[in-house]
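Observations on the model geometry
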Amino acid sequence: MGKPSKRKNPGVGVDFRKVKHKVGKKLPKAQNDTYTDFKSRSINLSTQSIAQDKAGAAVSERNLTLKELVGQLSHHNTHTRRDALAGLQQLLTAYPAEARRHAALLLEALATRVADGEQPAGSRSLVR
């Protein structure tokens, strides 16, 4: 019984041959390297600014307009609704002409709050 002889096939293992790299040289990029660079730019829309100029408009102590306060009356949080009612009360005592100008909007919004079953928002209604 002799040793089994291995045949060397010159085509086998060509793909798996280890490439020796020189010291200090950068490695070449792989063939399947993905290009991941991107550029971004910001867009400034002055009409959607949070610090919008409300000079000359009727605002509450918290610098909220009547439309913003009416929008907060339908908020899901009861404390936000309560704060909106307090802001409306303050705004309408300071600017009574706003109540006449936006009467339909105010009646519709306040009617839902008068019927509000939750204590903090319902007990603080403007109708006294």
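You'll find the structure just up there.
Attention in this report is confined to the structure presented alongside it. (Residues numbered from 1 in each chain as written. Predicted model: local features only at pLDDT ≥ 70, side-chain atom pairs only at ≥ 80, totals over all residues. Heavy atoms only, no water.)

Below, the discussion takes up unusual backbone geometry. Positive phi, close to 65 degrees, is recorded for asparagine 63, a residue that is not glycine. Structurally, asparagine 63 can be placed in the segment before α1 (66-72). (Helix = DSSP H or I, 4+ residues; strand = E, 2+ residues; numbered from the N terminus.)

Turning our eyes to something else, we now look at the side chain of glutamate 98. Position of glutamate 98 among the secondary structure elements: in helix α3 (residues 96-101). A distance of 2.5 Å separates a polar atom in the side chain of glutamate 98 from a polar atom in the side chain of arginine 101. (Polar contact = N/O pair within 3.5 Å; in protein donor to acceptor, adjacent residues only side chain to side chain.)

Turning next to the environment of serine 60. Mapping serine 60 onto the fold places it in the segment before α1. In this structure serine 60 comes out as buried when scored by relative accessible area, which is 9%. Dropping the residues within four chain positions of it, serine 60 is found in contact with Leu69, Gly87, Gln90 and Leu91. (Buried < 20%, exposed > 50% of the residue type's maximum accessible area, 1.4 Å probe, protein only. Contact = heavy atoms within 4.5 Å.)

Our focus in this paragraph is the nonpolar core. Nonpolar side chains tend toward joint burial in soluble globular proteins. Judged by nonpolar contacts, the single largest core of 14 residues is most densely connected at Leu66, Leu73, Leu88 and Leu106. Counting only elements with at least two residues in this core, the list comes to α1, α2 (78-94) and α4 (103-114). Take this core: its biggest share by element is 5 residues, from α2. When residues no more than four places from it in sequence are discounted, the contact partners of leucine 106 are Leu66, Val70, Leu88, Leu92, Glu98 and Ala99. (Core = buried A, V, L, I, M, F, W, Y, C linked by side-chain atoms within 4.5 Å.)

A word on the pattern of salt bridges. Opposite charge on two side chains permits them to pair, given that their charged atoms come into close proximity. By the definition in use, this model includes 2 salt bridges. Its salt-bridge partner being aspartate 83, residue arginine 82 comes within 3.9 Å of it at the nearest N-O pair. You can call aspartate 83 partly exposed: its relative accessible area is 33%. Between arginine 101 and glutamate 98 there is a salt bridge whose closest N-O contact spans 2.5 Å. Here glutamate 98 and arginine 101 lie together in helix α3, a separation of 3 residues that amounts to about one turn. Accessibility expressed as a relative area gives 13% for glutamate 98, which makes it buried. (Salt bridge = Lys/Arg side-chain N within 4 Å of Asp/Glu carboxyl O.)

With that out of the way, let us pick up α2. The terminal C-alpha atoms of α2 lie 24 Å apart, and with 17 residues this matches the ideal 24 Å at 1.5 Å per residue to within 8%. Considered for burial, the residues of α2 that qualify are Thr78, Thr80, Arg81, Ala84, Leu85, Gly87, Leu88, Leu91 and Leu92. Structurally, the start of α2 carries an N-cap: the backbone nitrogen of histidine 79 is 3.1 Å from a side-chain oxygen of asparagine 77. (Expected span 1.5 Å × (residues − 1).)

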